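Listed here are the chains, written in short residue letters.
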Amino acid sequence: MAKIIVVTSGKGGVGKTTTSASFATGLAQEGHSTVVIDFDVGLRNLDLIMGCERRVVYDFVNVINKEANLNQALIRDKRVENLSILPASQTRDKEALTEEGVGGVIKDLAERFEYVICDSPAGIEQGAIMAMRFADEAIVVTNPEVSSVRDSDRILGLLGSKTVRAENGSGPIKEHLVITRFDPTRANLGEMLSVEDIQELLAIPLLAVIPESESVLNASNLGAPVILDDDSRAGQAYSDCVKRFLGQDLPHRFLEVQKKGFMSRLLGR
């Protein structure tokens, strides 16, 4: 049976789409058929990060409105087998995401794929509610700052009340925490929340800590999920994230300040 996973947070700019793209790519790399849906109707950024913006002909709303079928709208990734993208519309508003329409599309996708990843827009309006509505599991993305964590806490409340699982009593959504843009040096100086602070405030299991890294921006500009950059610390952290989600017991890396090697100290780097 397919798993429906929403990648969500209340605040914008925390890395939801970056996480959705890398998480979906990592699942496909591990051999699982995966589709990632962009719920950010009106803006649409997932296709840019996935590098398929020029291949978009039909979108999620076209499928909901029966103006196109899934075969026409789904875009197969050219780099990773088993991975497809369902882009959002740039010309409609979020009210186009009706519960009946979204539910029908997700049901059809669940018959084709092992994992359906729902990339939620920021906020708590229609698009975000529809992204989480049919979820079995949730990846809550937060930055190590108070406003981001507070907004994520509100999202946890919605996951416990506004989803189909919450309404029909079929069991709670399994929640996972991903902390992005973490810098252990700044955390030690008290300039950002520590991992322990965030865990205490949100009280959900920690899935991954993604370090602050220029490679995330570089990957986005290149139209490639950062998980494909094996040499970057962020790419390695997302790879660990996927493997941990699939059941591997891996220690969390990049939580401590990197020690400089002899040559770095000698050269003042």
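Fair warning: this is a prediction, and the values are worked out from it, not measured in the lab.

Attention now moves to the packing of aromatic side chains. Taken as a whole and judged by the stated rule, the model has 3 aromatic pairs. Considering the side-chain rings of Phe23 and Phe245, the 5.1 Å spacing of their centres and the 85 degrees angle between planes classify their relative orientation as edge-to-face. On the criterion of sequence distance, the pair formed by Phe23 in helix H1 (residues 16-29) and Phe245 in helix H12 (residues 233-245) is long-range, its members being 222 residues apart. Here Phe23 falls in the buried class, since its relative accessible area comes to 0%.

It is worth spelling out the sheet that holds strand S4 (residues 83-86) at this point. Here 8 strands make up an open sheet; going across it, the order is S3-S4-S2-S5-S1-S6-S7-S8 and the pairing mixed. Looking at strand neighbours, the two that pair on one side only are strand S3 (75-76) and strand S8 (206-211), the edges of this open sheet. Pairing geometry for strand S7 (residues 174-182) and S8, over 4 bridges, is parallel. By the bridge assignment for S8, Ile179 is matched with Val209. Its contacts with the sheet put H12 on strand S1 (3-8), strand S5 (115-119), strand S6 (137-142), S7 and S8, and the angle it makes with S8 is roughly 170 degrees.

Another point: the nonpolar core. The biggest cluster of nonpolar side chains holds 48 residues, and the ones touching the most others in it are Phe39 and Leu109. If you tally residues by element for this core, the top one is helix H7 (residues 146-159), at 5 residues. Here Leu109 is in contact with Val35, Ile37, Leu70, Leu74, Leu86 and Val116, once residues within four sequence places are set aside.

The rules behind the values
- Residues numbered from 1 in each chain as written.
- Predicted model: local features only at pLDDT ≥ 70, side-chain atom pairs only at ≥ 80, totals over all residues.
- Heavy atoms only, no water.
- Phe/Tyr/Trp six-rings, centres within 6.5 Å; stacked < 30°, edge-to-face > 60°.
- Helix = DSSP H or I, 4+ residues; strand = E, 2+ residues; numbered from the N terminus.
- Buried < 20%, exposed > 50% of the residue type's maximum accessible area, 1.4 Å probe, protein only.
- Pairing = 2+ DSSP bridges.
- Contact = heavy atoms within 4.5 Å.
- Axes fitted to C-alpha atoms, helices over the stretch in contact; angles between N-to-C directions.
- Core = buried A, V, L, I, M, F, W, Y, C linked by side-chain atoms within 4.5 Å.

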